[in-house]
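Structural description and commentary
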Amino acid sequence: RHAAFVVEDTDMRYFPLKNIREGQAPFHVYNSLLSEYGVLGFEYGYALAQPEGLTIWEAQFGDFSNVAQVIFDQYISSAGEKWGLMCGLTLFLPHGFEGQGPEHSSARIERILSLAAQNNMTVVQPTTPGNLFHALRRQVKWNLRIPMIVITPKSLLRHARVRSPLEELSEGAFRELIDDSTASPDKVTDIIFTSGRLYFDLLKQKEELNVDNYAIVRIEQLYPFPHEQVQSVFSKYPNATRKVWAQDEPENMGVWPFLLLHKEYRNFEIVSRRAGASPAVGLPVLHNQQLKNILDRVFKLSEQINETMGRDDLLVE
């Protein structure tokens with residue numbers, strides 16, 4: 001839908017990315033049949049056969065990939081260790097808690113991270129066009145081929161603040177962590193770590209409250225996790241006494257269960273939706289109430305979660 005201009009009332013289509021310059025690399029977009037298991041298996045094999053290309057499989061919604069879970073388990077996560085197969089397949093899994101209900105919210109980041117070990121893949125969640133570009137460029141320029149899972153945005157595709165100057169595309173490299181460029185290190189008492197869409201809600205709230213003791217840090221690469229860069233953030237803010245991991249996802253989902261595997265993050269305060277069996281609620285009103293609760297707790301406008309929201313005993317003190 002977005003790759004071609006269609007001449008109305010005709011079958012003619014124009015693909016701008018096919019016409020950048022003479023002698024360019026070929027570019028093809030195919031609309032696949034509705035069989036995630038079959039198509040993802042095909043794309044994995046195609047990427048094996050074309051190691052110098054950039055093969056991308058994009059799910060309509062990130063959670064549609066659960067129908068292809070066998071490919072994740074048998075090939076994407078483990079083929080390198082089992083058979084020495086190097087594959088650079090890239091997956092775009094749209095993810096974002098936008099109030100669209102359980103089946104249109106979560107790409108199941110927790111499942112993907114549970115399969116990540118021994119540098120068998122990269123998992124990224126870029127929040128700027130420049131960082132997404134450099135992640136894709138890195139995937140092709142690397143001398144090795146491992147799968148890359150891109151937790152791609154939904155509402156951020158149209159967000160006014162999600163922009164990059166051309167210089168960020170023509171220069172630089174992928175940033176695994178993006179620090180708060182507006183925070184004054186000596187004033188910061190609270191470091192808020194997050195990833196993805198929620199960052200922009202946190203940023204808006206910080207600006208509306210006009211507080212300068214918060215630093216909001218984006219983790220753009222979830223695996224391999226940028227441990228050394230996180231330690232540098234700790235050193236940068238010597239007066240910080242509160243470290244928070246904030247996420248849209250319920251507490252038993254998203255990045256938090258993965259962070260708990262690392263003892264250096266177990267003293268983080270978790271701010272999220274309550275643990276649940278479903279990835280998200282189905283009512284926009286309740287969705288917005290939950291988001292407000294997250295923002296209130298991050299900025300200590302509400303010390304306790306609303307009783308109507310509920311909590312269970314998964315809270316890590």
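Report follows, based on the coordinates. All figures in this text were calculated on a predicted structure; none of them were measured in a lab. (Residues numbered from 1 in each chain as written. Predicted model: local features only at pLDDT ≥ 70, side-chain atom pairs only at ≥ 80, totals over all residues. Heavy atoms only, no water.)

1. Observations regarding the nonpolar core
Core analysis: the biggest nonpolar cluster contains 48 residues, and Ile76, Ile149 and Phe193 have the highest contact counts within it. In contact with Ile76, not counting residues within four places along its chain, are Leu40, Tyr44, Ile71, Leu89, Leu91, Asn120, Met121, Pro147 and Ile149. (Core = buried A, V, L, I, M, F, W, Y, C linked by side-chain atoms within 4.5 Å. Buried < 20%, exposed > 50% of the residue type's maximum accessible area, 1.4 Å probe, protein only. Contact = heavy atoms within 4.5 Å.)

2. Notes on the sheet that holds strand S9 (residues 214–219)
Here five strands make up an open sheet; going across it, the order is S7-S9-S8-S11-S12 and the pairing mixed. A strand with exactly one partner marks an edge of an open sheet, and here the two such strands are strand S7 (177–178) and strand S12 (269–273). The sheet contacts of helix H8 (residues 227–236) involve S7, strand S8 (190–194), S9 and strand S11 (242–250), and relative to S8 the element is tilted by about 160°. Across the face of the sheet, helix H10 (residues 284–298) comes into contact with S8, S9, S11 and S12 while running at roughly 165° to S12. (Pairing = 2+ DSSP bridges. Helix = DSSP H or I, 4+ residues; strand = E, 2+ residues; numbered from the N terminus. Axes fitted to C-alpha atoms, helices over the stretch in contact; angles between N-to-C directions.)

3. Details of empty space enclosed by the protein
Counted under the stated rule, the structure contains six cavities of 30 Å³ or more. Around the largest cavity, the lining is made up of 14 residues, and of these His95, Gln125, Ser195, Asp248 and Glu249 lie nearest the centre. When its residues are assigned to classes, the lining of the largest cavity shows five nonpolar, six polar and three charged. (1 Å grid on protein atoms, 1.4 Å probe; cavity = no way out; pocket = protein on both sides within 12 Å on 5 of 7 lines; lining within 4 Å. Points joined across faces, edges and corners; volume = space filled by probe spheres on them. Nonpolar A, V, L, I, M, F, W, Y, C, P; charged D, E, K, R; others polar.)

4. Re the sheet that holds strand S4 (residues 90–94)
Read from one edge of the open sheet, five strands run S3-S4-S6-S5-S10, paired in mixed fashion. Two strands bound the open sheet, and with one partner strand each, they are strand S3 (56–58) and strand S10 (221–223). Averaged over all pairs of adjacent strands, the angle between their axes in this sheet comes to 20°, without regard to strand direction.

5. So, the pairing of S8
The buried fraction of S8 is high, at five of five residues. Bridge count between S8 and S9: five bridges; the pairing is parallel. Within S9, the position partnered with Ile191 by the bridge is Ala215. Once you follow S8 into helix H7 (residues 198–209) and on to S9, the crossover reads as right-handed. Pairing analysis gives four bridges linking S8 to S11, with the strands arranged parallel. Each bridged residue has a counterpart across the sheet, and for Phe193 the counterpart in S11 is Trp245. (Right-handed = clockwise from strand over helix to strand, strands pointing away.)

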